[in-house]
Amino acid sequence: MRHDRFLADPILPVDTLPLEVAVVVPTLNEAANVEKLIERLSVVLAGRGWEVVFVDDNSPDGTSDLVRRIGRSSRHVRVVQRVGRRGLSSAVIEGILATAAPVIAVMDGDLQHSEDALPRLIDAIEKDGAEIAVGTRYVDGGGTGDWDRGRVRMSRLATRAGQIALRTDVSDPMSGFFAVRRDAFERALPRLSAIGFKILLDILASSPTALKVAEVPYTFRTREAGESKIGVRVIAEYAELIADKTIGRFIPVRLLKFLMVGGLGVFVHLAVLRALLGLGDSFLTAQTGAVIVAIAFNFFLNNSFTYADRKLQGWRVLGGLASFYAISALGAVANIGIGTWMAGHDERWWVAGVAGVLVGAIWNFAMSSALTWRK
Ligand code: GDD
Ligand code: MN
């Protein structure tokens, strides 16, 4: 009750309209676009209690400062500035958690999402009872604008993959333009993966109950200022999100990556072994050389792939490599010990072999994540 009186208090300088909707905008170097975006938002959202929350990853172009400057004269405008952090999905999550609004819209900061569709997204929730309303390029009335054929095909393919893996029939699950009811978001929150670019897909797949979805067509605009952040990393993170949402329930994605690297290490080992034998080395020397190279290969690949988020740099690479050699040596001892013990209990040679490899690999994973790449 007191809240209502407070909101209606005439001394308060802010809009007397209660906060109805927040627009969360992740930004990385979008200083050239934010002013125009805010202007357009104030046109399409006029008459509603609204705010925009920019979540900026400390952009070198000064996006955060610019937003704060505008925020001093407009209480509709706020910024969450993150330092030493990256990631579109996690930015969106933190923006949603930073607002009190009961409905949250999410859109890009580069003017590619046409704000004309925003009122329809919000109304689909407030008037039509949807829990989440998705701006879609792939139904009548929507479109991908002037994307070239390659990018359209790639997006279609990724969309199909996402729909199949996550069993959703939303036409554009890759969209970064949507509105969601706060309570629906909060129910999905504990299970969000927060990896990469695709927060909508993450929310749809993490919700404990199927969400009531509305689709609103829009046409993706051409970016006029600033640069797109899409690249191999975005694609890799998409694959990781899908892995986490499917097999991730049974086995951690990091362990999976570690095992993949180990599998590649076997090939490296064999290649080096063969090369050294070809040079006339004895088997003992050649095998020793192959082990040394394969472990280093595994270390570097794990450092930039499996543990990209905790990547060792500079001098710390040397310490990491040394600890990885020590851990792998003990892993080999465990591998041989378990394998030999199994061989005494099961006559299939390969069962013993695989058991040894698995125990060794899991030892290496557990120890290296606790020591070599500790948080
Ligand atoms: N805070 C933060 N951190 N923001 C980021 C980051 C990040 O690491 N990476 C990108 N952004 C911001 C950009 O500044 C922009 O406002 C928005 O996220 C989208 O980034 P773009 O680089 O412009 O993405 P895009 O145009 O390739 O991709 C768009 O299309 C996809 C559909 O194919 C985005 O709209 C996606 O959300 C959408 O899913
Ligand atoms: Mn863009």
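Rules used in this analysis
- Numbering of residues begins from 1 in every chain and follows the order in which that chain's sequence is written.
- As they are written, the chains are lettered A onward and the ligands numbered 1 onward, keeping that order.
- Selection of residues for local features in this predicted model requires a pLDDT of at least 70, selection of side-chain atom pairs for listing and counting requires 80 or more, and totals for whole chains, interfaces and linings are taken over all residues.
- Each side-chain value is worked out from all heavy atoms of the structure, with water and hydrogens disregarded.
- As annotated, the domain borders come from an automatic or database domain assignment.
- A pair of aromatic rings is counted whenever rings of Phe, Tyr or Trp (Trp by its six-membered ring) have centres within 6.5 Å, and the orientation is called stacked for planes under 30 degrees apart, edge-to-face for over 60 and tilted otherwise.
- The helix and strand labels rest on DSSP assignments: H or I over at least four residues marks a helix, E over at least two residues marks a strand, and numbering proceeds from the N terminus.
- To sort residues, take the accessible area from a 1.4 Å probe on protein chains only and compare it with the maximum for the residue type: under 20% means buried, over 50% means exposed, and anything in between is partly exposed.
- Only Lys NZ and Arg CZ are tested; either one counts as a charge over a ring when it is within 6 Å of the ring centre and within 35 degrees of the ring normal.
- Cavities and pockets are defined on a 1 Å grid built over the protein atoms alone: a cavity is a set of grid points where a 1.4 Å probe fits but cannot escape, while a pocket is an open set with protein on both sides within 12 Å along at least five of seven lines, and lining residues are those with an atom within 4 Å of any such point.
- Grid points are joined across faces, edges and corners, and a volume is the space filled by probe spheres set on the points.
- Residues are sorted three ways: Asp, Glu, Lys and Arg are charged, Ala, Val, Leu, Ile, Met, Phe, Trp, Tyr, Cys and Pro are nonpolar, and all the rest, Gly among them, are polar.
- Among buried residues, the Ala, Val, Leu, Ile, Met, Phe, Trp, Tyr and Cys ones that are joined through side-chain atoms within 4.5 Å form a nonpolar core.
- Whether two residues are in contact is decided by their heavy atoms, any of which lying within 4.5 Å being enough.
- Only N, O and S atoms count as donors, using a 2.8 Å cut-off from the metal and 3.2 Å for Na, K and Ca, and because water is excluded some sites may appear unfinished.

Undergrad: Can you explain the domain arrangement of the chain? Please cite residues and give values.
TA: We note that the domain assignment places domain 1 (2-247) and domain 2 (253-372) within the chain. Taken over C-alpha atoms, the centre of domain 1 sits 42 Å from the centre of domain 2.

Undergrad: Let's hear about the packing of aromatic side chains: which residues, and what values?
TA: The final tally for this structure, using the stated rule, is seven aromatic pairs. Ring plane angle 65 degrees and centroid distance 5.3 Å describe the contact between F258 and F365, whose orientation is recorded as edge-to-face. Of the two residues, F258 is situated in helix α10 (residues 253-278) and F365 in helix α13 (residues 349-370); the sequence distance between them amounts to 107 residues. For F365, a relative accessible area of 15% gives the class buried. Put simply, the rings of F299, F300, Y307, F324 and W373 pair up and form one aromatic cluster. Here the basic side chain of R137 rests over the ring of F220, its NZ or CZ set 5.5 Å away from the ring centre. The cationic tip of K257 hangs over the ring face of F305; the distance from NZ or CZ to the ring centre is 4.7 Å.

Undergrad: Go over the layout of surface pockets with me, naming the residues and quoting the values.
TA: Of the pockets and cavities examined, the second largest pocket occupies roughly 910 Å³. Lining the second largest pocket are 27 residues; nearest its centre among them are V266, N298, N335, V357 and N364. Those elements giving two or more residues to the lining of the second largest pocket turn out to be α10, α11 (283-306), α12 (316-343) and α13. Broken down by element, the lining of the second largest pocket gets its largest block of residues, nine residues, from α10. Each residue belonging to the lining of the second largest pocket can be placed in one class, and the counts come to 15 nonpolar, 12 polar and no charged.

Undergrad: How would you explain the nonpolar core if you had to name every residue and give the values?
TA: In this structure, V23, L41, V52, F54, M107 and L118 are the most contacted members of the largest nonpolar core, which totals 35 residues. Sorting the residues of this core by element identifies β1 (21-27), α2 (31-44), β2 (50-56), α3 (63-73), β4 (103-106), α5 (118-126) and β7 (213-217) as the ones contributing at least two each. Residues within four places of M107 in sequence aside, it is in contact with V23, V24, V25, P26, L37, L41, H113, E115, L118, G176 and F177. In this structure, V134, V180, A184 and F185 belong to the second largest nonpolar core, which totals 24 residues.

Undergrad: Please set out the coordination of the manganese ion (ligand 2) residue by residue, giving values where relevant.
TA: Octahedral six-donor coordination of a metal ideally yields angles of 90 or 180 degrees, compared with 109.5 degrees for tetrahedral four-donor coordination. Summarising the metal site, the manganese ion (ligand 2) is bound by the protein donors D110 (OD) and Q112 (OE1), whose distances to it range over 2.0 Å. A relative accessible area of 5% means that D110 is categorised as buried.

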